[in-house]
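Here is what each chain is made of, one letter per residue.
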Amino acid sequence: MAKISNAITDTSVTMAFKAHLRNQKPVVVAVSTNDGLGANAQNLGKLMNMKYVFIVPFGQDSPKDKPNSIISKTELIIPTILEALNGKQIQPIIV
């Protein structure tokens, strides 16, 4: 997430991400991280603000034990993809 949000393209995944954006194609991102509400929140914010990037809705993993941890709702991957193909972000993003 940090690499793609800061335009670092040094792996096949980051190159594919950049190529999709260059070709104005949708990219769907499903986030799972122990630091999504910590230092990594700025990277998530950058991704959420990028054109052609669509985020699978997510929520806190375990608020008491891991307060900064977030995980995507995997059951919403397909609906997110379908909306992304129409150029729309599924709502709500934070569940």
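This text goes with the structure placed above it.
We now turn to the structure provided with this report. (Residues numbered from 1 in each chain as written. Predicted model: local features only at pLDDT ≥ 70, side-chain atom pairs only at ≥ 80, totals over all residues. Heavy atoms only, no water.)

Turning to the pairing of strand β5 (residues 66-72), a few remarks are in order. In terms of strand pairing, strand β2 (residues 32-33) meets β5 through two bridges, oriented antiparallel. From the neighbouring strand, threonine 33 faces β5, where its bridge partner is isoleucine 70. Sheet topology places strand β4 (residues 58-62) next to β5; four bridges connect them, and they run antiparallel. Bridge pairing in β5 links phenylalanine 58 to serine 72. (Pairing = 2+ DSSP bridges. Helix = DSSP H or I, 4+ residues; strand = E, 2+ residues; numbered from the N terminus.)

Once that is clear, we can look at the side chain of serine 69. Take serine 69: it is sitting in strand β5. Here threonine 33 takes part through its backbone oxygen, which lies 3.4 Å from a polar atom of the side chain of serine 69. In contact with serine 69, other than residues within four places in its own chain, are Thr33, Asn34, Gly59, Gln60 and Asp61. (Polar contact = N/O pair within 3.5 Å; in protein donor to acceptor, adjacent residues only side chain to side chain. Contact = heavy atoms within 4.5 Å.)

Let us look at helix α3 (residues 41-48). Turning to α3, its buried residues are Asn43, Leu44 and Leu47. The buried residues of α3 occupy an angular sector of 100° when projected down its axis, which confines them to one face. Its buried side turned inward, α3 meets α1 (2-5), α2 (12-22), β1 (27-29), β3 (53-55), β4 and β5. (Buried < 20%, exposed > 50% of the residue type's maximum accessible area, 1.4 Å probe, protein only. Arc of directions from axis to C-beta.)

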